[in-house]
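These are the residues of each chain, in order.
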Amino acid sequence: MAKDKQHQLDIVTKPEFLDGSALKIPMFQILAEDGTIRKGAEAPAMDKELALKIFDTMQFIRILDERMIAAQRQGRISFYLSSLGEEAASIGSAAALDDGDMIMGQYREQGALAFRGFTVEQFMNQLFSNERDLGKGRQMPVHYGCADLNFMTIASPLATQIPQATGYAYGQKMEKSGKCTICYFGEGAASEGDFHAALNMAAVYKVPAIFFCRNNGYAISTPSQGEQYAGDGIAPRGVAYGMKTIRVDGNDLFAVYQATLLARKLAVEENEPVLIEGMSYRMAGHSTSDDPTGYRTREEEDEWRAKDPVVRFQKWLQKQEWITEEQAQENYDSKKAAVLAALKSAETVPVPHIDEIINDVYDTPPKHLKQQLEALKAHIRKYPDAYPKTASRIDGGDK
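Predicted model only: the values in this text are computed from it and were never measured. Residue positions are counted from 1 within each chain, in the order its sequence is given. With the structure being a predicted model, the display of local features is reserved for residues of pLDDT at least 70 and the display and counting of side-chain atom pairs for 80 or more, all residues being used for whole-chain, interface and lining totals. Neither water nor hydrogens contribute to the side-chain values; these are computed over all heavy atoms in the structure.

Asker: Tell me what's going on with the nonpolar core, and back it up with residues and numbers.
Answerer: We define a nonpolar core as any set of buried Ala, Val, Leu, Ile, Met, Phe, Trp, Tyr and Cys residues linked to one another through side-chain atoms lying within 4.5 Å. For the exposure calls, accessible area comes from a 1.4 Å probe over protein chains only, and a residue counts as buried if that area is under 20% of its type's maximum, exposed if over 50%, partly exposed in between. M46, I54, M68, M124, Y144 and F313 are the most contacted members of the largest nonpolar core, which has 69 residues in total. Helix and strand definitions here come from DSSP, where helices need a minimum of 4 consecutive H or I residues and strands a minimum of 2 consecutive E residues; each element is numbered from the N-terminal end. Residue contributions to this core peak at 11 residues, all from helix α1 (residues 48-73). Residues within four places of M124 in sequence aside, it is in contact with L64, M68, V339, A342, L343 and A346. Of all hydrophobic cores here, the second largest spans 23 residues; its members include M104, A203, A209 and Y229. We call two residues contacting when some pair of their heavy atoms lies within 4.5 Å.

The structure is reproduced here in structure tokens:
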């Protein structure tokens, strides 16, 4: 067959158009819904200690999400985004990483952060924006960040973290750090231009990055198939950009863990960026501002509850006799009590002093920021009832 040497392409003499059916990417699965290993599959090497840590984190995040949704409904916090039904995607992948690897999340990666060691008190301090919040109350709830745990602070605008991940991973490559960056995002964010620019640059410059797409079926209320994309999901886009790609069952802890282990090896040892598409389902609303009953059926939700990643992994643990149903329930009750106690404690902690609002950008706050701060203080003094948490701390130096 003749070749176009400039572009290294085969030449054909009859026109042939390709469509989405030309590339159908299968879904990698190890753990069946009943907690058994699928025929022909092999469970990854995972000792009891790691398996129980993963399950412990999954339970904690499930409780945290359920309790904080309730807290928002009670008016105790302003907003919340849960990862109900997607715990295996973030926790399973985080478990396969090195603690020195950078994590860049979207806003359902609290499981990855908890696995790294973020405490229940740290979660609550951020959610209540109190003076113990690492972000000093400057971010809305669920926008976590922790430099000590290599977890980049979450930003609200969709997909901004994807090109940032490419750049950060390029720096890791230049430093020969032996580390990689994992970047999480939803399939809706993959419609942003940042996604395409980031993947193309990552593939061209061969950076040690893992791009993890959580395909949970909906971009807020917009269904994925047919309305977000006409092709075979997100995975083929990685292939199109010349990137190693795999699609996994995002509710299968083992599939996520194994795929991420292999992806990290490719990223760190061969400087090959990888795209992982985890097929999952958002069991709750997009956020506490969303009502999913307006765009999906109860039957659909029930079908996915049968694929619950926490229940599936617990069944496997019980088959190994590493945990009993009674122990799992005791652990759940203990964690629930700890979450509720931390919640009650965090909401009594004062908000950051208003002077903190101009710190951390410049070594010494410039004149114009000081003037703006004084104008703000004057406004609050004039309308103290509108700012009850701040007004009482403006004067008197209570910092």
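Read on, since the account is not over.
Asker: Go over the environment of K336, please, and point to the residues and values.
Answerer: Tracing the backbone through its elements, the reader meets K336 in helix α11 (residues 325-346). Its relative accessible area of 31% is what places K336 among the partly exposed residues. Considered as a pair, K336 and E66 are 270 residues apart in the sequence and their alpha carbons are 9.7 Å apart.

Asker: Describe empty space enclosed by the protein, and please don't skip the residues or the numbers.
Answerer: A cavity, in this analysis, means grid points on a 1 Å lattice covering only the protein atoms where a 1.4 Å probe fits yet has no way out; a pocket is instead an open set bounded by protein on both sides within 12 Å along at least five of seven lines, and a residue lines either one if it has an atom within 4 Å of a point. Grid points are joined across faces, edges and corners, and a volume is the space filled by probe spheres set on the points. One pass over the full model with this rule turns up 1 cavity of 30 Å³ or more. Volume-wise, the largest cavity comes out at about 30 Å³. What lines the largest cavity is V351, P352, H353, I354, K389, T390, R393 and I394. Classification used: nonpolar for Ala, Val, Leu, Ile, Met, Phe, Trp, Tyr, Cys and Pro, charged for Asp, Glu, Lys and Arg, polar for all others including Gly. A per-class count over the lining of the largest cavity returns 4 nonpolar, 2 polar and 2 charged.

Asker: Before we move on, can you summarise the side chain of D133 with the specific residues and values?
Answerer: As for its position among the elements, D133 is in the loop between α4 (120-127) and β4 (151-152). Comment: no salt bridge for buried D133; closest opposite-charge side chain is R138, at 8.3 Å. In contact with D133, not counting residues within four places along its chain, are N125, Q126 and R138. All tallies of charge rest on Lys and Arg as positive and Asp and Glu as negative; His and the ends of each chain are not included. The salt bridge definition used is simple: a Lys or Arg side-chain nitrogen within 4 Å of an Asp or Glu carboxyl oxygen.

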